[in-house]
Amino acid sequence: MEFRIDSGVLTDAVAWAARVLPARSPMPLLGGLLLEAADGRLRVSGLDHEASARVEVEADTDVEGRALVLGRRLLDICKVLPRGRTELAVEGGRLSVTSGDARFGLSLLPLDDYPAPPALPEVRGLVDGDVFAAAVGQVAVAAGRDDSLPVLTGIRLALDGTTMTLAATDRYRYAVRTLEWKPESDASAEDADVVVPARRLTEIARSLAGTGPARLALDGGSIGFESAGLRTTTRLLDGRLPRHDKLFALGEHALAATGLAPLTEAVKRVAVVAEGDSPVQLTFTPTAIHLQAGYEDDVASQHLPATFTGTAALADPDRMTVAFNPGYLLDALTTLDAPEVHFHLLGPGQRALLTDGPSAAHRHLLMSVKPLV
């Protein structure tokens, strides 16, 4: 095998495929990246027990062939290559990498024992890469980090006709985003409801941004995406997330609205005195919102203009005080994409729904905590 390629293109391809390599594995071969050169193309592939990644890029192929090398070592080499054309060739039992005056050698791993990559599941349809990447980013912040509850570390991906719903929760917050997708046929428009590891789906979504339409593939045990020379698969998580329908149906509730950017900055500002589980308290009145954080002498506060419409069901329809974990509140605010943030409020100590408009496709539910004394 012998081919020439731009060092930047090689580095990007190797980095993308290497992201699925396991940090530790009882099978050393799973730490390898498979390089395949043929017909003016280079294919770089990696896999572990949970996911696979493959990328194809243009290359000047002099001698076709395949080589398996340690992926992270190859990535380390790529990161320090001089800019410009790079030549890779199999020489005996090693892969040589030459770029400018720099030359490296990598031991080859045995190809015969390397597992075959999983096939792409059944293609179900197309989704816009940019829209999908933004939507995943909006819900991923609410996914759990506790591996003792694996299903909560995932993102629900549900297909219903031409609507895709993404959702995530760690029990203290719940983010939901709907978007349009295009089923490939009536058969592929069949409803689906699966849970995808949030970390994997976030990495995939970021790589799809800017690539145009992406093919979505799905079966009973895995999900895959393919776009612009990129192909990746990942196993699904067992179980189902709690349904959000009833949680998001607030019934009679108060409404408040304020500028998104000013509120985000104000929360960051007052939260500097909030230690541990100390909340940020928001008090809404018909014309303003008052933010407060801290206890005793270590306190911070700020006023912002706002609108508030109470309800007769509240003890005081002209005033509402709620409090939130400042980190969770900031996560919710930074995923919204509009000039204003809308608060849908049930009352102190109860859940609150944050949206960026009356009919927003993105909604973020937060559990209110005990207000400051």
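The written sequence of each chain sets the order in which its residues are numbered from 1. In view of the model being predicted, local features appear only for residues whose pLDDT reaches at least 70, and side-chain atom pairs are presented and counted only at 80 or more, with totals across whole chains, interfaces and linings using the full set of residues. No hydrogens and no water enter the side-chain calculation; it runs on all heavy atoms of the structure.

Colleague: Explanation requested: the side chain of His344 in the structure shown.
Modeller: Position of His344 relative to the elements: it lies in strand S25 (residues 340-345). Only protein chains enter the area calculation, which uses a 1.4 Å probe; residues under 20% of their type maximum are buried, those over 50% are exposed, and those in between are partly exposed. Classification of His344 by relative accessible area gives buried; the value is 13%. Definition of a polar contact: a pair of N or O atoms within 3.5 Å, with one able to donate and the other able to accept a hydrogen when the atoms are protein atoms, and with sequence-neighbouring residues admitted only if both atoms are side-chain atoms. Looking at His344, its side chain comes within polar contact range of the side chain of Thr355, at 3.2 Å. To qualify as a helix, a DSSP run of H or I must reach at least 4 residues; to qualify as a strand, a run of E must reach at least 2; elements of each kind are numbered from the N terminus.

Colleague: What's the story with the packing of aromatic side chains in this structure? I'm lost.
Modeller: Aromatic rings considered in pairs are described by the distance between their centres and by the relative angle of their planes. A pair of aromatic rings is counted whenever rings of Phe, Tyr or Trp (Trp by its six-membered ring) have centres within 6.5 Å, and the orientation is called stacked for planes under 30 degrees apart, edge-to-face for over 60 and tilted otherwise. On inspection of all chains with the given rule, the structure shows five aromatic pairs. Measuring from ring centre to ring centre gives 6.3 Å for Phe284 and Phe308, while their planes differ by 15°; the resulting arrangement is stacked. One end of the pair, Phe284, is in strand S20 (residues 280-284); the other, Phe308, is in strand S23 (residues 307-309), and 24 residues separate them in sequence. Each member of the pair, Phe284 together with Phe308, is buried. In this structure, Arg19 packs its charged tip against the face of Trp16, placed 4.4 Å from the ring centre. We call a charge positioned above a ring when the Lys NZ or Arg CZ atom is no farther than 6 Å from the ring centre and deviates by at most 35 degrees from the ring normal.

Colleague: What should I look at first to understand the pattern of salt bridges in this one?
Modeller: Pairing between side chains of opposite charge can happen when their charged atoms approach one another. The term salt bridge refers to a pairing of a side-chain nitrogen on Lys or Arg with a carboxyl oxygen on Asp or Glu at a separation within 4 Å. If you walk through the whole model with that rule in mind, you get 21 salt bridges. One salt bridge connects Glu203 with Arg19, and the closest N-O pair in it is separated by 3.5 Å. Placement of the pair is Glu203 in helix H4 (residues 198-208) and Arg19 in the loop between helix H1 (7-18) and strand S2 (32-38), with a sequence separation of 184 residues. We classify Glu203 as partly exposed; its relative accessible area is 23%. When its relative accessible area of 17% is taken as the criterion, Arg19 is described as buried. Where Glu226 meets Arg215, a salt bridge forms, and the shortest distance between an N and an O atom there is 2.5 Å. With a gap of eleven residues between them, Glu226 in strand S17 (residues 222-227) and Arg215 in strand S16 (residues 213-218) connect regions that are remote in the sequence.

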